[in-house]
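Overview (structure and organization)
Spelled out, the chains give:
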Amino acid sequence: MNIPELVQSQKSYFATQQTKDISFRKNALKRLQKELIAREKNIIKALHDDFKKSEYEAVMTETSIVLAELKMAIKNIHSWSKPQRVLPSLLNFPSSAKIYKEPYGTVLIIAPWNYPYQLAFAPLLGAIAAGNTVVLKPSELTPNTSKITKEIVEAVFDKNHVAVVEGGVDISTELLAQRWDYIFFTGSVPVGKIVAKAAANHLTPVTLELGGKSPCIVDETANIKLAAKRLVWGKFINGGQTCIAPDYLLIHTSVKEQFIQQFKEEIFRAYGENPQNSPDFPRIVNTRNFDRLAIMLENENCVIGGQTDRDDCYIAPTLIDEPSLDSEVMKGEIFGPIFPLISYENEADIEKVTSKYDKPLALYVFTNRNSFAKKMIQRYSFGGGTINDTTVHFANHRLPFGGVGESGIGGYHGKQTFDTFSHKKGVVSRGTWLDIPTRYAPYKGKLQQLKTLMKLG
């Protein structure tokens, strides 16, 4: 496929104004919805073939989320697209003012491998709903999901409207060299910086959904049994390969041993005596990521787990007790089923650890003290989070999902996905029946009138 020609053909297609028609967009979304429902079993199989994701997790974290977002977009696309009336300025009297939402044009979406279906189609449907043409680059690390993504898109869309381009780093590099109207990227911080740099060459706006070391704080008042249960789920779902998974645990010294015991029991309850035999525990996506994670286990005190099998890309659900802040496991985002535990005695200890890292994508607090939860939420900057649970803020389409600082730029979900892919165009409509002379030269004697008008707004 000739990438420059594809981009130019999409720009030409966008110039026909066809994608701006609301009925056209809605019909495209309905065709996509029909195809995704028909192919759900194939999608689930592809996810299992890529890294042994169970059917339950595939439905919960991938297919159901996309279908819910699609249903919402189809239902609300007319209201989302309507010009929004805002109060006019007195300086412009008489006038009216509206915000018009228009598509950016031709956009590039680069999807990751950890949720290769959901994180490809969720932004895609928002870009379509907003009226853009789209080139989607799925991850080459999940080839089965990439293949079915391409098949679905080709069955639903004209390639001048939406196209899938498969390939590795060389293809991504060539795509980023093109001039886009918007780029939406989900992935690691280092690659996010490459994307931002490429976008800067053309002053292309971006959304970067990245990651970071997301802390989880458990204080001495928390319900330890429930915290352990919810942390086992949030940390080990998708084999720990979740950008908003709790990366490391800060736990009050007084409840540390109780937590370790409860955590061990919850792992057994979820995955059995040997999680490698559990149909519900996914694998690491490839040997390269396996090797990266295996290094983190070297010379560490694994009080739970620690077992590995490179041939199966398996790493057991693991709890590491009191690693050094200079250790491999504490240097960067883990992105796997390894959970470092660090005890603290006071809030200064919490600050000592968290201050070593950039602003994370998420933060979690388990406590029965509202004052403590509020203090932690207000004290630290992070993309989003949850009190007394993990990752579930992602499921509320009314909340923006995105990072801050090194964990990302921009946000999406629900209506905000539509807004992300829409330029907000402010327009004033002036009346002609009256023309206040204050703004016109000569200005002598008009300064006080101007100050009064400015003060009134």
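Residues numbered from 1 in each chain as written. Predicted model: local features only at pLDDT ≥ 70, side-chain atom pairs only at ≥ 80, totals over all residues. Heavy atoms only, no water.

**Points about the sheet that holds strand β7 (residues 206-209)**
The cut-off we apply is this: By this definition, two strands are paired if DSSP reports at least two bridges between them. Strands are runs of DSSP state E lasting at least two residues, helices are runs of H or I lasting at least four, and both sets are numbered from the N terminus onward. In this analysis, two residues are considered to be in contact whenever any of their non-hydrogen atoms come within 4.5 Å of each other. Interaxial angles span 0 to 180 degrees and are taken between N-to-C directions of axes, which are lines fitted to C-alpha atoms, for helices over the stretch in contact.
One open sheet accounts for six strands, arranged β5-β4-β3-β6-β7-β17; its pairing is mixed. Among the strands making up the open sheet, the edge pair consists of β5 (162-164) and β17 (408-409). Lying on the sheet, helix α1 (residues 3-15) is in contact with β3 (106-110), β4 (133-137) and β5; it crosses β4 at an angle near 150°. Contacts from helix α7 (residues 169-176) reach β3, β4 and β6 (182-186), with the element oriented near 155° to β4.

**Topic: the domain arrangement of the protein chain**
Formally: All the domain ranges listed were derived from an automatic or database domain assignment. As a working definition, buried area equals the accessible area (1.4 Å probe) given up by two parts on being put together, with both sides summed. Whenever Lys or Arg places a side-chain nitrogen within 4 Å of a carboxyl oxygen from Asp or Glu, that contact is recorded as a salt bridge. Polar contact is the term for a pair of N or O atoms within 3.5 Å; when the atoms are in protein, one must be able to donate a hydrogen and the other to accept it, and sequence-neighboring residues count only if both atoms are side-chain atoms.
Assigned domains of the protein chain: these are domain 1 (3-210 + 407-424) and domain 2 (215-395). For domain 1 versus domain 2, the distance between C-alpha centres works out to 31 Å. At the interface, 18 residues of domain 1 touch 20 residues of domain 2. Both faces combined, the contact of domain 1 with domain 2 buries some 1,700 Å², and carbon together with sulfur accounts for 57% of it. Linking domain 1 with domain 2 are one salt bridge. Between domain 1 and domain 2 we count ten residue pairs in polar contact (both at pLDDT 80 or more) in total. Contributing elements (two or more residues each) for the side of domain 1 that touches domain 2: α3 (40-51) and α4 (55-81). Take the side of domain 1 that touches domain 2: its biggest share by element is four residues, from α4.

**With respect to the UniProt feature "active site" (unreviewed entry) in the protein chain**
Rule in force here: UniProt positions are given in the numbering used here, feature names are shortened, and annotations may be inferred rather than shown by experiment. A 1.4 Å probe rolled over the protein chains alone gives each residue an accessible area, and that area as a share of the maximum for its type sets the label: buried under 20%, exposed over 50%, partly exposed in between.
On the UniProt side, "active site" (unreviewed entry) is annotated at positions that read Glu209 and Cys243 here. For the residues just named, distributed over 35 residues, the greatest C-alpha separation is only 8.9 Å, placing them together at one site. Looking at the element boundaries, glutamate 209 is found in strand β7. Given the relative accessible area of 2%, glutamate 209 is considered buried.

**With respect to the pattern of salt bridges**
Scanning the entire structure with this criterion turns up 25 salt bridges. Between aspartate 219 and arginine 369 there is a salt bridge, and its shortest N-O distance comes to 3.0 Å. Note that aspartate 219 is positioned in the loop between β8 (215-218) and α9 (224-236) and arginine 369 in the loop between β15 (362-366) and α13 (370-379), a separation of 150 residues in sequence. Here aspartate 219 falls in the buried class, since its relative accessible area comes to 0%. What makes arginine 369 partly exposed here is its relative accessible area of 30%. A salt bridge links arginine 269 to glutamate 266; the shortest N-O distance between them is 2.8 Å. Of this pair, arginine 269 and glutamate 266 both sit in helix α10 (residues 256-271), three residues apart, roughly one helical turn. Of the residues examined, glutamate 266 reaches a relative accessible area of 5% and is grouped as buried. One network of salt bridges, in which partners are shared, links Glu35, Arg39, Lys147 and Glu151.

**Notes on the packing of aromatic side chains**
The description of an aromatic ring pair uses the distance of the two centres, along with the angle that the planes make with each other. Where we set the bar: Here a pair means two rings of Phe, Tyr or Trp (six-membered ring of Trp) with centres within 6.5 Å. Their orientation is stacked below 30 degrees between planes, edge-to-face above 60, and tilted elsewhere.
Applying the stated criterion across every chain yields a total of 16 aromatic pairs. With 5.7 Å between their ring centres and 50° between their planes, tyrosine 248 and tyrosine 357 make a pair best called tilted. With tyrosine 248 in strand β9 (residues 248-252) and tyrosine 357 in the loop between α12 (347-354) and β15, this residue pair connects regions lying 109 residues apart in the sequence. In this structure, tyrosine 248 and tyrosine 357 share a single accessibility class: buried. Seen in terms of ring centroids, phenylalanine 263 and phenylalanine 339 are 5.9 Å apart; in terms of plane orientation they differ by 40°. Their pairing is tilted. You can see phenylalanine 263 sitting in helix α10 and its partner phenylalanine 339 sitting in strand β14 (residues 338-344), a full 76 residues away along the chain. Judged by its relative accessible area of 0%, phenylalanine 263 is buried. Through successive ring pairs, a cluster of aromatic residues spans Tyr104, Tyr182, Phe184, Phe394, Phe401, Tyr412 and Phe421.

**Quick notes on the UniProt feature "domain: Aldehyde dehydrogenase" (unreviewed entry) in the protein chain**
UniProt records the feature "domain: Aldehyde dehydrogenase" (unreviewed entry) at residues 5-425, using the numbering of this structure. With 42% helix and 18% strand, residues 5-425 has its two end C-alpha atoms placed 29 Å apart.

**Focus on the environment of tryptophan 180**
By secondary structure assignment, the location of tryptophan 180 is in the loop between α7 and β6. Taking C-alpha positions, tryptophan 180 is 8.2 Å from valine 7, a pair spaced 173 residues apart along the chain. Every residue in contact with tryptophan 180, bar those within four places of it in the chain, is listed here: Val7, Thr106, Val107, Leu108, Val135, Leu175 and Thr204.

**Regarding unusual backbone geometry**
Residues phenylalanine 93 and proline 94 are joined by a peptide bond in cis, for which omega reads -5°. Going from alanine 441 to proline 442, the amide bond is cis rather than trans, its omega being 5°. Among the structural elements, proline 442 can be located in the loop between β18 (422-430) and α15 (447-456). Residues other than glycine seldom take positive phi values, yet asparagine 388 does so here, at roughly 65°. Structurally, asparagine 388 is set in the loop between β16 (384-387) and β17. Positive phi, close to 65°, is recorded for threonine 391, a residue that is not glycine. Relative to the elements of secondary structure, threonine 391 occurs in the loop between β16 and β17. Owing to a relative accessible area of 9%, threonine 391 belongs among the buried residues under this scheme.

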